[in-house]
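Okay, here's what each chain looks like letter by letter:
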Amino acid sequence: MLLKLSLSSMKKMMKDYLVLLVGLVISISIFYMFQTLALNSDFTKGNSVIKSIQIVFNVGAFLLALITIFYIFFANSFLLSLRRKELGMYMVLGAKKGKISQILFLETLTMGIVSLVIGTIVGIALSSGIGVLLMNLLEISADGYYPFYLPSVWMTWGFFMVLFLLTSTINAVRLARATELDLIRAEQQTDDVKAKGFGTVLVAILGVALVAVGYYGLIEIMTLQLLGFLIGAIATTIGTYLLFISLLPVLVQALKRNRKLNDQSLNAFTFAQLRFRVNNLTKILGTVAMLIALGVGAMAGGLAFQKNVDLIANVGHVYDISLHDPVSEDQEALKKMTVLEQNTYSYKVNEDAVYYLKDDLLAHPPLISTNDMQNYDPNKEPERIAEPLPANLYGMNEDKDEKTGQKLEELPDEWYQVISQEFTISYKMYDGKPVRVVDQATFASVKGNEHTVVIAKVDDFLKYKQDIKAMNQRQKEQIKPASEDEEVYLTTKYGTYESVYAFTSGTMFMGFFLGVAFLAMMASCLMFKILSGATRDRDRYSMLRKIGVRKSLLVGSIYKELLFVFLFPALMGLTHVLVGMQMFSFILLEPYVNIWVPTVIFVVIYALYYLITVRLYRGIVLPKEV
Amino acid sequence: MSVAVLEVKDVQKVYGKKGESQSHALKGVSLTIEKGEFVGIMGPSGSGKTTLLNVISTLDRPTGGFIQIAGTNITQMKQNQLADFRSQKLGFIFQDFNLLENLSIYENIALPLSLQGVSSKEIGAKVKKVAQTLGIEEILSKYPVQVSGGQKQRAAAARALVHDPAILLADEPTGALDSKNAKSLLETMTDLNENHQVSIMMVTHDAFSASYCKRILFIQDGNLYTEIHRTGDRQQFFKQILDVLAELGASHDVR
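What counts, and where the lines are drawn
- For every chain, the first residue of its written sequence is number 1, and the numbers climb from 1 along that sequence.
- Here every chain gets a letter starting at A, and every ligand a number starting at 1, in the order they are written.
- Where local features are concerned, this predicted model is filtered to residues with pLDDT of at least 70; where side-chain atom pairs are given and counted, the filter is 80 or more; whole-chain, interface and lining totals use all residues.
- In computing side-chain values, all of the structure's heavy atoms are included and hydrogens and water are not.
- Being paired, for any two strands, means DSSP has found at least two bridges between them.
- A helix here means a DSSP run of H or I that spans at least four residues, while a strand means a run of E at least two residues long, and both kinds are numbered starting from the N terminus.
- In what follows, a contact means two residues having at least one pair of non-hydrogen atoms within 4.5 Å.
- Fitted lines through C-alpha atoms serve as axes, helices being fitted only where they are in contact, and the angles separating the N-to-C directions of these axes extend from 0 to 180 degrees.
- By this rule, a helix spans an expected 1.5 Å times one less than how many residues it contains.
- Each residue is placed in one exposure class: buried if its accessible area under a 1.4 Å probe, protein chains only, is under 20% of its type's maximum, exposed if it is over 50%, and partly exposed if it falls in between.
- An arc is given here, and it is the one of the directions from the helix axis to the C-beta atoms.
- Think of a salt bridge as a Lys or Arg side-chain nitrogen and an Asp or Glu carboxyl oxygen that are within 4 Å of each other.
- Distance and chemistry together define a polar contact, namely a pair of N or O atoms within 3.5 Å, with one atom able to donate a hydrogen and the other to accept it when in protein, and with adjacent residues in sequence counting only for side-chain atoms on both sides.
- We define the nonpolar core as a collection of buried residues of types Ala, Val, Leu, Ile, Met, Phe, Trp, Tyr and Cys that are connected through side-chain atoms lying within 4.5 Å of one another.
- Where each domain starts and ends follows an automatic or database-derived domain assignment.
- Known as pLDDT, the predictor's confidence for each residue is given on a scale from 0 to 100.
- Small angles under 35 degrees read as roughly parallel and large ones over 145 as roughly antiparallel, with 65 to 115 read as roughly perpendicular and the rest as oblique.
- Put simply, Ala, Val, Leu, Ile, Met, Phe, Trp, Tyr, Cys and Pro go in the nonpolar bin, Asp, Glu, Lys and Arg in the charged bin, and everything else, Gly too, in the polar bin.

J.: I would appreciate a short explanation of the sheet that holds strand β1 (residues 321-324) of chain A in the present structure.
T.: In sheet architecture, strand pairing relies on hydrogen bonds along the backbone and comes in two forms, parallel and antiparallel. Residues and elements named next belong to chain A. Here seven strands make up an open sheet; going across it, the order is β1-β9-β2-β3-β8-β6-β7 and the pairing mixed. Each edge of the open sheet is held by one strand with a lone partner, namely β1 and β7 (409-410). Relative to β7, strand β6 (residues 393-396) is paired through two bridges, and the arrangement is parallel. Across the sheet, residue G395 finds its bridge partner in β7, namely E410. Along the sheet, helix α15 (residues 328-336) makes contact with β1, β2 (339-349) and β9 (449-458), crossing β1 at roughly 155°.

J.: Whenever I open this one, helix α19 (residues 465-478) of chain A confuses me. Can you help?
T.: Along an α-helix, residues three or four apart share an orientation, since each turn contains 3.6 residues. Residue and element names in this part refer to chain A. The terminal C-alpha atoms of α19, which comprises 14 residues, lie 20 Å apart, in line with the 20 Å expected from a rise of 1.5 Å per residue. Within the span of α19, buried status applies to K465, I468, M471, N472, Q475 and K476. Here the buried residues of α19 occupy an arc of 145° about the axis, which is enough to place them on one side. Away from its buried face, by an angle of more than 90 degrees, α19 presents the exposed residues Q466 and E477.

J.: Even after reading the chapter, I still don't get the interface of chain A and chain B, so can you show me in this structure?
T.: Think of interface size as the accessible area that goes away when the parts come together; that is how it is often given. With 29 residues of chain A in contact, the opposing surface of chain B contributes 28 residues. Inspection of the region where chain A meets chain B yields three salt bridges. Where chain A touches chain B, the interface holds 11 residue pairs in polar contact (both at pLDDT 80 or more). At the level of elements, α12 (259-262), α13 (267-280), α21 (534-546) and α22 (551-580) of chain A are the ones that each hand at least two residues to the side of chain A that touches chain B.

J.: I tried to follow the nonpolar core on my own but got confused; where do I start?
T.: What tends to happen in soluble globular proteins is that the nonpolar side chains get buried as a cluster. Core analysis: the largest hydrophobic core is formed by 156 residues, its most contacted members being L6 and M201 of chain B. Each of domain 1 (1-189) and domain 2 (321-491) of chain A gives at least three residues to this core. Counting residues in hydrophobic clusters, the runner-up holds 49 residues, among them L161, V162, M189 and V198 of chain B.

J.: What's the story with the sheet that holds strand β7 (residues 167-171) of chain B in this structure? I'm lost.
T.: Residues and elements named next belong to chain B. What the six strands build is an open sheet, ordered β6-β7-β8-β3-β9-β10; its pairing is mixed. The strands lining the two open edges of the sheet, one partner per strand, are β6 (90-93) and β10 (223-229). Mean inter-strand twist for the sheet, computed between neighbouring axes without regard to direction, equals 20°. In terms of strand pairing, strand β3 (residues 38-42) meets strand β9 (residues 215-220) through four bridges, oriented parallel. Within the sheet, the bridge partner assigned to G40 lies in β9 and is I216. Lying over the sheet, helix α5 (residues 149-161) contacts β6 and β7, oriented at roughly 170° with respect to β6. Against the sheet, helix α6 (residues 179-195) contacts β3, β7 and β8 (200-203), and its axis sits at roughly 155° relative to β8.

J.: When you look at the pattern of salt bridges in this model, what are you seeing that I'm missing?
T.: It is possible for side chains bearing opposite charge to pair when their charged atoms get close. Residues and elements named next belong to chain A. Across all of its chains, the model carries 16 salt bridges over all chains by this definition. As a salt-bridge pair, D537 and R277 come within 3.0 Å of each other at their nearest N and O atoms. Separated by 260 residues along the polypeptide, D537 in helix α21 and R277 in helix α13 bring together distant segments of the chain. Note on accessibility: D537 and R277 belong to one class, buried. A salt bridge links K335 to E332; its shortest N-O distance comes to 4.0 Å. Here the residue K335 and the residue E332 both occupy positions in helix α15, the gap between them amounting to three residues, near one helical turn.

J.: I'm lost on helix α9 (residues 198-219) of chain A in this one. Help?
T.: Taking 1.5 Å of rise per residue, 22 residues should cover 32 Å, and α9 of chain A covers 32 Å from first to last C-alpha, within 8% of that figure. Looking at the buried residues of α9 of chain A, the elements they touch are α10 (221-224), α11 (226-257) and α22 of chain A.

J.: Help me out: how do you make sense of the confidence of the model for chain A in this one?
T.: In regions of low pLDDT, the predicted coordinates are not meant to be interpreted in detail. Scored by pLDDT, chain A comes out at a mean of 78, with 82% of its residues at no less than 70. At the level of individual helices and strands, chain A shows its lowest average pLDDT in helix α4 (residues 48-52) of chain A, which scores 53, and its highest in α22 of chain A, which scores 90.

J.: Help me out: how do you make sense of the packing of α9 of chain A against α22 of chain A in this one?
T.: Packed helices, taken two at a time, are described by the angle between their axes plus the distance between the axes. All names here are of chain A. One can describe the packing of α9 onto α22 by two numbers: an axis separation of 9 Å at closest approach and a directional angle of 30°. The orientation of α9 with respect to α22, classified from their angle, is roughly parallel. On α22, the residues that touch V211, Y215, L218 and I219 of α9 are M572, T575, H576, V579 and G580. Tallied by class, the residues present in the contact of α9 with α22 amount to six nonpolar, three polar and no charged.

The structure is reproduced here in structure tokens:
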């Protein structure tokens, strides 16, 4: 009988349950997606990058689990709050407490299992959709990645079943402890306004200190290594929660203490609402801040890796294209590009060595990169070689003892750099012969085939990526490999780019995957929490309307209040990201490159959720007009 | 010379759309309240007294008729005008206090003034004054949950009066109070009426509360049934009220 009643009332509250269900499904499907990445061993082993950042990944998985636990516990207390009034009424009417607790236990568990089934299905769909889409976008191989992967399913089910059993028990126990009157009066309970005393100040100081320690760990990651990363992750997380528990309520209280501001218009009410929120939402706000940090951070990290592929390629190469004996197709392709600088140099190859013509080089001195990986500085522009070549003959890559009858000078460094990095595109091409730079007379006397090398700098390397790739391919075919099965590796800019890209795309994939996951969780968390408490506020708004507050003023108050609620964790999260990106400084040249992209993505998603939340909240709390 | 603060003429209120089952809550009620009067509205449950209060307090729109408060016709006003009118000309006391529990008593009382853009300094002075009148200066910094029901209702009264409304509308103000607190509140209201010239309209079904009024209008089935004036002392008036109520009850039995 009771079961029947409970079913029918669940049907009535379908809308509330739907909110809960959606929340649970999102968290389960994201957890599952993560697990498919973590446990697909073929995939992780096949992708060297993912293997190399396994520690980052594991910490990410740990954080995701932690946040999921928080989320589930909170979602289930929401379920209890939905049901307590009605269950209390059954108890008043004589239903036994044990029976009621049992019903709630079953309800919570059923809810969990239903969302687990849907969540796994959605998770599989998401993995095959988003996962595969991202992989295509990033041009990394999805070999060994299966959206439906049994160990991941077991992992997800195991993790969530334990959680649901735990929360069901907690719900049942909490219900069993409460008296009938507590339950039916649940909605009448007022917000307690606790004075924040000395303890809060201590907690605030501790929070600031922990965040500072965490930041220190991240900034000094070069020296602290793994320890710095662990300190950063743990101290910052705990510190963030402590700050939201202590500092934020104190700040809002200070805002309220400003009598002039507080007495203005509806501010007293807006601030009071805000104080209620920051006191009640401390945990959720802390969680949201962390999720923002992780989400934006992951995306920023991924993007930074991608952008740094360019930078790494740029450090070694000023010229985007190096062509030996270009064919007509190469020339055609070059014509289509916007070429900033193009130089052609002649050289001859005989059985002893490779000869470049000195006057040729000096007539069009090329640019060289002034940067190196160790001391990278984005402001260092390439410089033109000014080094004169007074001698008649220069040599490089030459055995000193080997006398060729002529006196060879050591080639100056800058010229050495340009010939080895920009001209020489494969160590195979000259069969290991030495390179000499000679005057006109010597060059003319060399018997051998004359070749040319074209180096060109275009306006945007990535714009012509496909054409340059084709050029590279033709060059590869020119340089016949010594043995057929040996892959020719070109040290042109594209060659470098390609190899580093393969290395970093895995990281980028992970970054975006995690970023999307965390942002989705975060957004659903905050919106869900604010809306679930909205019915309590209904009386307040109706009362204000009664004493004659304009609707526009009420709406304005809602916008203001929720803006603050959304703003605090966003600021905190973004600060975390800005500092946290430091931890990539030991692998990346410029960790902050393009940081605005994920920031903008985040701000857009977040602003959208803010507006939707305001919209829905308004619908719940504002009284209907006559 | 008397000035009408409230004029209600042939006000009707019909719930439900045309063609569907309609219920007539008010079937043409007319009444006038002069400045400085203390008028009670009585009637059994379902008589339409709450509907009457709602249309007078601009929370609900009458289907027909005309209502004028302090010289302003409120029946044709737009939503925002109505809101402004409420916040400037009307004071409310409700049965369940309707204080915002997340604001201090001071902030609750200050709210109508804040809404009108009164300066912080002036608000402080006015709140203090009205709190003195109602004897709640001690609890200004407390929150509603920390004070007694009687104090809450005094705070609500202070909020209703702080902006000098044209009329104070009270809906069962003693409904949630014990007899001691109820008596004390009614005495305060009498004091406000007699010594501070506050016009009051109070809706109640409690004869004891009603006996504090100067005049009582009885409503039944959406019509004005009768009206009695207090001529002698309160005890006598109380008995008079009971008689009318008995009459009302008898008319029920007859049908």
